[in-house]
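# Chains, contacts and geometry: an overview
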Amino acid sequence: MMGDGTNDAPALAQADVALAMNAGTQAAKEAANMVDLDSDPTKLIEIEQILHKNASAPWAGLAGEKFVNVLEVNLELRKQFGKPS
């Protein structure tokens, strides 16, 4: 799920993986798992590729696949785009 407004916050909070735009409201950013600091929705293509690449991590079942996938995506995005400022 991707969103940027107050009305998106409930859906972002319920989504398995939620991405808020930095230019969006504070409510959306707080409800999301990740915030796109550049507010560039084309990054979703890269995120989707990372998810598919890492979805079959052999140790994912031990800690919960959803949590592991979110963690791996965050780490991979940090590698590609650098640490948030």
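So, here's what we can say about the structure. Just so we're clear, the structure is a prediction, and the values are computed from it rather than from any experiment.

Each value, and the rule that gives it
- Along each chain, the written sequence defines residue order, and numbers are assigned to residues from 1.
- Given that this is a predicted model, residues contribute local features only at a pLDDT of at least 70 and side-chain atom pairs are listed and counted only at 80 or more, while totals for whole chains, interfaces and linings are drawn from all residues.
- Only hydrogens and water are removed before side-chain values are computed, so all heavy atoms of the structure are retained for them.
- Strands are runs of DSSP state E lasting at least 2 residues, helices are runs of H or I lasting at least 4, and numbering of each runs from the N terminus.
- For each residue, the accessible area found with a 1.4 Å probe, counting protein chains only, is set against the maximum for its type, and the residue is called buried under 20%, exposed over 50%, and partly exposed in between.
- Residue contacts are counted whenever heavy atoms from the two residues lie within 4.5 Å of one another.
- Surface exposure here means Shrake-Rupley accessible area, sampled with a 1.4 Å probe, where a residue is shielded only by the protein chains that are shown.
- What makes a salt bridge here is a side-chain nitrogen of Lys or Arg within 4 Å of a carboxyl oxygen of Asp or Glu, nothing more.
- Here, any two strands with at least 2 DSSP bridges between them count as paired.

Across its full length, the protein carries five helices and three strands. Going residue by residue from the N terminus, the α and β elements of the protein occur as β-α-β-α-β-α-α-α. Out of the 85 residues in the protein, the part that is buried amounts to 32%. By sequence separation, contacts in the protein at least 24 residues apart represent 23% of the contacts at least 6 residues apart. Here the protein has roughly 5,400 Å² of accessible surface; of this, 55% comes from carbon and sulfur atoms.

So, about the pattern of salt bridges. Summed over all chains, the structure comprises one salt bridge. Here lysine 79 ties to glutamate 76 by a salt bridge, and the two come within 3.7 Å at their closest N and O atoms. One end of the pair is lysine 79 and the other is glutamate 76, both in helix 5 (residues 65-81) and three residues apart, which spans about a single turn. Taking relative accessible area as the criterion, lysine 79 reaches 67% and is therefore assigned exposed.

Let us look at the sheet that holds strand 1 (residues 2-3). With parallel pairing, the three strands of this open sheet are ordered in space as 1-2-3. Edge positions in the open sheet fall to strand 1 and strand 3 (34-36), since each of these has one partner strand only. In the sheet, strand 1 pairs with strand 2 (residues 19-21) via two bridges, with the strands oriented parallel. For methionine 2, the partnering residue across the bridge sits in strand 2 and is leucine 19.

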